[in-house]
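Here is how the chains run, residue by residue.
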Amino acid sequence: MNKILKYLLFGIAFIIVGLLVGFKLNDQSSSRGMISIDDGVRKLQETIYFIQRNYVKSLDNDKLVDDAIQGMLDGLDPHSFYIPRSEMKQMEEQMTGGFDGIGIEFSILEDTIYVVTPIAGGPSEKQGIMAGDRIVKVDGKNLAGVNITNLDVMKNLKGPKGTNVVVSVARRGVKELIDFDITRDRIPLYSVSYSYMMDDETGYMRVTRFSETTYDEFRQHLGELIDEGMQSLILDLRGNPGGYMTMAYKMADEFLQKDKLIVSTEGRISESKQRYVATSSIGSFEKGGLVVLIDYGSASASEIVSGAIQDHDRGLIVGVRSFGKGLVQIQKKFDDGSAIRVVISEYYTPSGRCIQKPYDKSSQDYNHEIVERFESGEIYDESKIPVPDSLVFKTAAGRTVYGGGGIYPDVFVSTDTSGLSKFLTDLNSKDMFRGFAYVYADDHEAITRNFSSSRDFTNRFEVDKELLQEFKSYVEAHGLTFDPVGYQASKKYIHNNLKALIGRKLYQDDGYYPVLHQTDNVLEEAKKLMPAARELSETGKFTYED
């Protein structure tokens, strides 16, 4: 495998593992079965006290206790863990779906804070901050050219709802800095990153997490697509690490008829034994073509949705084998703001599958399993996927599916990596595409007059020789040699990235995602498979010709 790709994917895999925070209940615990203060507990107390009194160096007592708790949890499984007080707020923001701030997506380029886009409905958008604006000062404090970091930006811009901050921005075409006096507000973190109609009948929706707001967002986007005439849906769960189980079975309920089992859980205590079935009150899309996209980063709640759809033959699962997290956690919060999450049960798909991959190894080996899939070639070659013959199950229509290690796709489609090159990696790592897109869009303001809409832009805009020459000059002016061989190898992706980011500057997400999708081979295959998905849903039969 290409060495650059290998190490890039290695990093991605560990980011994904770090995001696996899915759990069932927010803060519920039971006093039943709690251990008494016996010899084992006294031994732990005495150990901490002995270390505190005698260790050669002074210790942070809170950290000592934190480490003891983490040590206990490390011996259980990879998904029971401790959350220190310092990390709890950020974790809760991810799951509650929001934070307090000014409402922008930003990127740091050349030690300058660029506004990627103001968040729709947020205070920055209402005040008139625009994509491409450069944040120079915050409350009079200079933030340009001072080795600024993402953490520095968040410390200066985030703050309690109702508080004010003055943001000074530089805007192309305006000589003086523009001051915006912004009142911070609650900023939503959306679970549904984007949805749109790909053609007259086929809708697309990408869901990135399962937080408190996911189901409401999903319902809203689904309703809008149905109103636009959607007959078939591509649900993109690639890279979705999971979250609340409640959100997962509610989403699956939208696709399944009343009384169909969605998921069941089994554990030692009575609270861990549950069955969730589809209801009559939910079900906006029980008929119609359905394809679900998954990959090695699709975990937990994503696998609940995929497994229910697959086991009931409601739609096709397309992509590569999912992560394989079939464990359910509950959370216990402590008075100091920290918390623990402990696995209380395993979940099972309607056919009886537990898709949890083995965890009888060290945490390091467990986390490394994703990298091993790349090294073995499984991500690119379906024949390399280990098939557990002892864990064979049947869907409602009698199709064979497998347990023990993730959801196996009905149709294996790997991401096309044929256009990767070191030059493309260098362009991405140095953020050349985004930086150039800002400059190009600002220098060619008349470009929007050439297109009637974002869809018109997506269909007709081309990276011509003049634009490419400007990009070449920009790249070389920023210390990177323009590699003609690398350019030819990655031409498709280079042109697509340029077009997508220029489109985002001009039309925000409507000019971005549809362009990116033009080089998404997994998505293109999903569109081709839609007739087969409809056939499966209607007849229980699946006919596929590669």
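How each quantity is defined
Residues numbered from 1 in each chain as written. Predicted model: local features only at pLDDT ≥ 70, side-chain atom pairs only at ≥ 80, totals over all residues. Heavy atoms only, no water. Helix = DSSP H or I, 4+ residues; strand = E, 2+ residues; numbered from the N terminus. Buried < 20%, exposed > 50% of the residue type's maximum accessible area, 1.4 Å probe, protein only. Arc of directions from axis to C-beta. Contact = heavy atoms within 4.5 Å. Patch = residues over 30% accessible without salt bridge, like charges linked within 9 Å, V, L, I, M, F, W, Y side chains within 5 Å. Areas by Shrake-Rupley, 256 points an atom, 1.4 Å probe, with all protein chains shown as cover. Salt bridge = Lys/Arg side-chain N within 4 Å of Asp/Glu carboxyl O. Lys, Arg positive; Asp, Glu negative; His and termini not counted. Charge placed at Lys NZ, Arg CZ, Asp CG, Glu CD. Pairing = 2+ DSSP bridges. Right-handed = clockwise from strand over helix to strand, strands pointing away. Phe/Tyr/Trp six-rings, centres within 6.5 Å; stacked < 30°, edge-to-face > 60°. Lys NZ or Arg CZ within 6 Å of the ring centre and 35° of its normal. Axes fitted to C-alpha atoms, helices over the stretch in contact; angles between N-to-C directions. Parallel < 35°, antiparallel > 145°, perpendicular 65-115°, else oblique. Left-handed = near helix turned anticlockwise from the far one by under 90°. Polar contact = N/O pair within 3.5 Å; in protein donor to acceptor, adjacent residues only side chain to side chain. pLDDT = per-residue confidence, 0-100.

### Some thoughts on unusual backbone geometry
The phi dihedral of aspartate 139 is positive, around 55°, even though this residue is not glycine. Summarising the element assignment, aspartate 139 is placed in the loop between strand 5 (134-138) and strand 6 (141-142).

### Examining helix 6 (residues 150-157)
When we look at burial in helix 6, the residues that qualify are Val153, Asn156 and Leu157. The arc enclosing the buried residues of helix 6, seen along the axis, measures out at 85°, which places them on a common side. Turning to helix 6, the residues buried within the fold contact strand 2 (98-101), strand 3 (104-109), strand 4 (112-118), strand 5, strand 6 and strand 7 (164-170).

### Details of a negative patch on the surface
A cluster of acidic residues, Asp60, Asp62, Asp335 and Asp336, forms a negative patch at the surface. Secondary-structure assignment places aspartate 60 in the loop between helix 2 (39-54) and helix 3 (61-74).

### Some remarks on the pairing of strand 11 (residues 202-207)
Where burial is concerned, most of strand 11 is hidden: 5 out of the 6 residues are buried. Sheet topology places strand 11 next to strand 12 (residues 232-236); 5 bridges connect them, and they run parallel. Within the sheet, the bridge partner assigned to tyrosine 204 lies in strand 12 and is isoleucine 234. Handedness of the crossover joining strand 11 and strand 12 through helix 7 (residues 214-227): right-handed.

### Structural notes on the packing of aromatic side chains
Scanning the entire structure with this criterion turns up 21 aromatic pairs. Between the aromatic rings of tyrosine 194 and tyrosine 196, the centroid separation amounts to 5.3 Å while the plane-to-plane angle is 40°, which identifies the pairing as tilted. Classification of tyrosine 196 as buried rests on a relative accessible area of 14%. A centroid spacing of 5.6 Å and a plane angle of 10° characterise the contact between phenylalanine 433 and phenylalanine 471, whose relative ring orientation is stacked. Of the two residues, phenylalanine 433 sits in helix 12 (residues 432-443) while phenylalanine 471 sits in helix 14 (residues 465-477), which places them 38 residues apart along the sequence. By way of ring pairs, the aromatic residues Tyr194, Tyr196, Tyr204, Tyr512 and Tyr513 are connected into one cluster. Between lysine 357 and the ring centre of phenylalanine 323, over which it is positioned, the NZ or CZ distance is 3.9 Å. The residue whose ring lies beneath arginine 504 is tyrosine 512, and the NZ or CZ to ring-centre distance is 4.4 Å.

### As for the pairing of strand 17 (residues 327-333)
With respect to burial, strand 17 is a largely interior element, 5 of its 7 residues being buried. When strand 17 meets strand 18 (residues 339-348), the two strands line up antiparallel, connected through 7 bridges. Its bridge partner lying in strand 18, glutamine 331 is registered against arginine 341. Two successive antiparallel strands, strand 17 and strand 18, enclose a turn made up of 5 residues, where glycine 337 displays a positive phi of approximately 100°.

### With respect to the sheet that holds strand 21 (residues 411-412)
Strand order in the open sheet made by the 6 strands is 10-11-12-15-16-21, with mixed pairing throughout. One side of each edge strand has no neighbouring strand; the edge strands of this open sheet are strand 10 (192-197) and strand 21. In this sheet, strand 11 lies alongside strand 10 in antiparallel orientation, the contact comprising 5 bridges. Bridge pairing links methionine 197 to glycine 203 in strand 11. Its contacts with the sheet put helix 9 (residues 301-311) on strand 12, strand 15 (289-294) and strand 16 (316-319), and the angle it makes with strand 15 is roughly 140°.

### Considerations on the packing of helix 12 against helix 14
Close contact between helix 12 and helix 14 brings their axes to 10 Å; oriented N to C, the two are set at 120°. The pairing of helix 12 with helix 14 is recorded here as oblique in orientation. Judged by the sense of rotation from one axis to the other, the crossing of helix 12 with helix 14 is right-handed. Within the contact between the two elements, helix 12 uses Met432, Phe433, Gly435, Phe436, Val439 and Tyr440 and helix 14 uses Leu467, Glu470, Phe471, Tyr474 and Val475.

### As for the environment of tyrosine 244
Topologically, tyrosine 244 is positioned in the loop between strand 12 and helix 8 (245-253). The exposure class assigned to tyrosine 244 is buried, which follows from its relative accessible area of 8%. Sequence separation of tyrosine 244 and valine 328 is 84 residues, and the distance between their C-alpha atoms is 9.4 Å.

### So, the environment of aspartate 60
Take aspartate 60: its relative accessible area is 48%, and that puts it in the partly exposed class. In this structure the side chain of aspartate 60 is engaged in a polar contact, spanning 3.0 Å, whose partner is the backbone nitrogen of aspartate 62.

### Remarks on the confidence of the model for the protein chain
In low-pLDDT regions, the fine details of the predicted coordinates are not to be read closely. Across the protein chain, the average pLDDT comes to 87, with 91% of residues at or above 70. In this model residues 1-22 is a low-confidence stretch, pLDDT under 50, and it forms 40 contacts with partners more than four residues away in sequence or in other chains.

### Let's talk about the pattern of salt bridges
As enumerated under the stated definition, the model contains 23 salt bridges in all. Arginine 399 is the partner of aspartate 313 in a salt bridge, and the nearest nitrogen-oxygen pair spans 2.7 Å. With aspartate 313 in the loop between helix 9 and strand 16 and arginine 399 in the loop between strand 19 (392-394) and strand 20 (400-402), this residue pair connects regions lying 86 residues apart in the sequence. For aspartate 313, a relative accessible area of 4% gives the class buried. A relative accessible area of 14% places arginine 399 in the buried class. Each of Arg321, Lys357, Glu369, Arg373 and Glu378 takes part in one network of salt bridges that share partners.

### Digging into the environment of threonine 519
Among the secondary structure elements, threonine 519 is positioned in the loop between helix 17 (513-516) and helix 18 (521-539). Remark: the alpha-carbon pair of threonine 519 and asparagine 147, spanning 372 residues in sequence, is separated by 35 Å. Sequence-distant contacts of threonine 519, that is, excluding residues within four places in its chain, are made with Lys492, Tyr493 and Asn496. Here asparagine 496 takes part through its side chain, which lies 3.2 Å from a polar atom of the side chain of threonine 519.

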